[in-house]
Amino acid sequence: MQRPARVVLALAVVATAMSLPAEEIAPGVELLAGRFVQGTQPDGNTVVLRGTAGLIVVDSGRHAEHTQAILDLAARAGVPIAAVINTHWHLDHIGGNPSIRRAHPAVRVWAGGALAQAQAGFLASYRAQLQAMIEQTAEPAARRTFSDEIAIIDAGPALAPDEIVTAAGPRTIAGRALELGLEGPAVTAGDVWVLDPATGVLAAGDLVTLPVPLLDTACPQGWHAALARLAAVRFTTLVPGHGRPMTRPQFDAYRGAFDALLACAASPQPAEVCIDGWMREAGALIPEADRGLALVLLQYYLPSSLRAAPEKTARLCGR
Ligand SMILES: [Zn+2]
């Protein structure tokens, strides 16, 4: 998720340190849950699979602690990280790439091709905002947060893929047979998902996120179409980009709530009605502790994304 810097400032709260335990979600498949706490920038979830040539890491997090947990997992397993697959270019999913490259120089990074355009556009203007915020604050923790973000952006080529995913289909990566999907424009101009046919685990990236869809760089209609295609994928467990793993009925509920949110936003209903609708339809998927965050995010996304100026939506939808 790429929340604009102004919002980050408005919500500024200091993160608390927390250990990051790995959780086995299917035989040989581990989840490192990304943190997403109100007032801090999130880490995306990381899924780790084992290939005959080493580990396959789906998304590398943003903060150093998250990436360290990935490196620790590889050290415990005693196997190198052979591949990273980035589901999309948001910093909470690619920020750990440089550290993984340093620790595992032979790693191959797979991703869609949308990063270069983001580096010239969205990330360049985000960097300028961060720079301005550093100059406006004397608070050391806030300054560190902003300069950490700039450091990720400035890693430039170390963030970028070695293997650009240009089409969906089966791929053998690090010796493991996987199925890659390519969607977009949806969450970004190019979103990759990863199905592990052996276990039925689907790493969906931010095509599925809780407590709400993170719409900052999204084409809402394209996202709607991508969810319809995800529904046709033969998965048993779906790992969202943020939030807990889902069963198929839970994904169906998510998709229903997503489509209802878009329909409400396209209607003359007041924003509060649309927000209430999401909280009701997706409510069972949202942990009690995240309900406040869900409300804050939707109050932001309704005007800024779902009811954005047509030119903004057209640009994000590549029209
Ligand atoms: Zn994310």
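Residues numbered from 1 in each chain as written. Predicted model: local features only at pLDDT ≥ 70, side-chain atom pairs only at ≥ 80, totals over all residues. Heavy atoms only, no water.

A. Local environment of the nonpolar core. Core analysis: the biggest nonpolar cluster contains 45 residues, and Val208, Trp223, Leu230, Phe251, Tyr254 and Trp278 have the highest contact counts within it. Of all the elements in the fold, those that place two or more residues in this core are strand S10 (191-196), strand S11 (201-209), helix H8 (220-230), helix H9 (248-265), helix H10 (271-281) and helix H11 (291-306). A per-element tally of this core places H9 first, with 8 residues. If sequence neighbours within four positions are ignored, Phe251 has contacts with Val208, Leu227, Leu230, Ala231, Phe235, Leu238 and Met246. Of all hydrophobic cores here, the second largest spans 22 residues; its members include Ala26, Leu31, Ala82 and Leu178. (Core = buried A, V, L, I, M, F, W, Y, C linked by side-chain atoms within 4.5 Å. Buried < 20%, exposed > 50% of the residue type's maximum accessible area, 1.4 Å probe, protein only. Helix = DSSP H or I, 4+ residues; strand = E, 2+ residues; numbered from the N terminus. Contact = heavy atoms within 4.5 Å.)

B. View of the state of the cysteines. A complete count under the given rule lists 2 disulfides for this structure. In this model Cys219 forms its disulfide with Cys317; the gap between the sulfur atoms is 2.1 Å. Taking the torsion about the sulfur-sulfur bond, which here is approximately 100°, the covalent link between Cys219 and Cys317 counts as right-handed. Of the two residues, Cys219 sits in the loop between S11 and H8 while Cys317 sits in the segment after helix H12 (310-316), which places them 98 residues apart along the sequence. (Disulfide = S-S within 2.5 Å.)

C. Quick peek at the side chain of Thr217. Relative to the helices and strands, Thr217 resides in the loop between S11 and H8. Judged by relative accessible area, Thr217 falls into the buried class, the value being 5%. Among the polar contacts made by the side chain of Thr217, one reaches the main-chain carbonyl oxygen of Val187 at a distance of 2.8 Å. (Polar contact = N/O pair within 3.5 Å; in protein donor to acceptor, adjacent residues only side chain to side chain.)

D. Representation of the sheet that holds strand S4 (residues 54-58) within the structure. One open sheet accounts for 7 strands, arranged S1-S2-S3-S4-S5-S6-S7; its pairing is mixed. At either margin of the open sheet sits one strand with a lone partner, and together these are strand S1 (22-26) and strand S7 (163-164). Bridge count between strand S2 (residues 29-32) and strand S3 (residues 46-51): 3 bridges; the pairing is antiparallel. Note that in S3 the partner of Leu32 across the bridge is Thr46. (Pairing = 2+ DSSP bridges.)

E. Region of interest: H8. The complete set of buried residues in H8 reads Pro220, Gly222, Trp223, Ala226, Leu227 and Leu230. Along the axis of H8, the buried residues cluster in a sector spanning 150°; they form a single face. As for H8, its buried residues are in contact with strand S9 (176-183), S10, S11, H9, H11 and H12. (Arc of directions from axis to C-beta.)

F. Quick look at the pairing of S1. Here S1 pairs with S2 via 4 bridges, running antiparallel. Within S2, the position partnered with Glu23 by the bridge is Leu31.

G. Just the sheet that holds S9, in detail. Judged by pairing direction, the sheet is mixed, and its 5 strands sit side by side in the order S8-S9-S10-S11-S12 without closing on themselves. In this open sheet, the two edge strands, each paired with only one partner strand, are strand S8 (169-173) and strand S12 (237-242). On average, each strand axis in the sheet is tilted by 35° relative to the strand beside it, whichever way the strands run. Bridging between S10 and S11 involves 3 bridges; their strand directions are antiparallel. Following the sheet pairing, Asp196 is matched in S11 by Val201. Those strands touched by H8 are S9, S10 and S11, and its axis lies near 160° from that of S11. (Axes fitted to C-alpha atoms, helices over the stretch in contact; angles between N-to-C directions.)

H. Layout of the pattern of salt bridges. One pass over the full model with this rule turns up 7 salt bridges. With its nearest N and O atoms 2.8 Å apart, the salt bridge here joins Asp196 to Arg176. In this pair, Asp196 sits in strand S10 while Arg176 sits in strand S9, placing the two residues 20 residues apart along the sequence. A relative accessible area of 15% places Arg176 in the buried class. (Salt bridge = Lys/Arg side-chain N within 4 Å of Asp/Glu carboxyl O.)

I. Spotlight on the confidence of the model for the protein chain. Taken over all residues, the pLDDT of the protein chain has a mean of 93, while the share at 70 or more is 94%. pLDDT under 50 marks residues 4-18. Its contacts with residues more than four places away, or in other chains, come to 27 contacts. (pLDDT = per-residue confidence, 0-100.)

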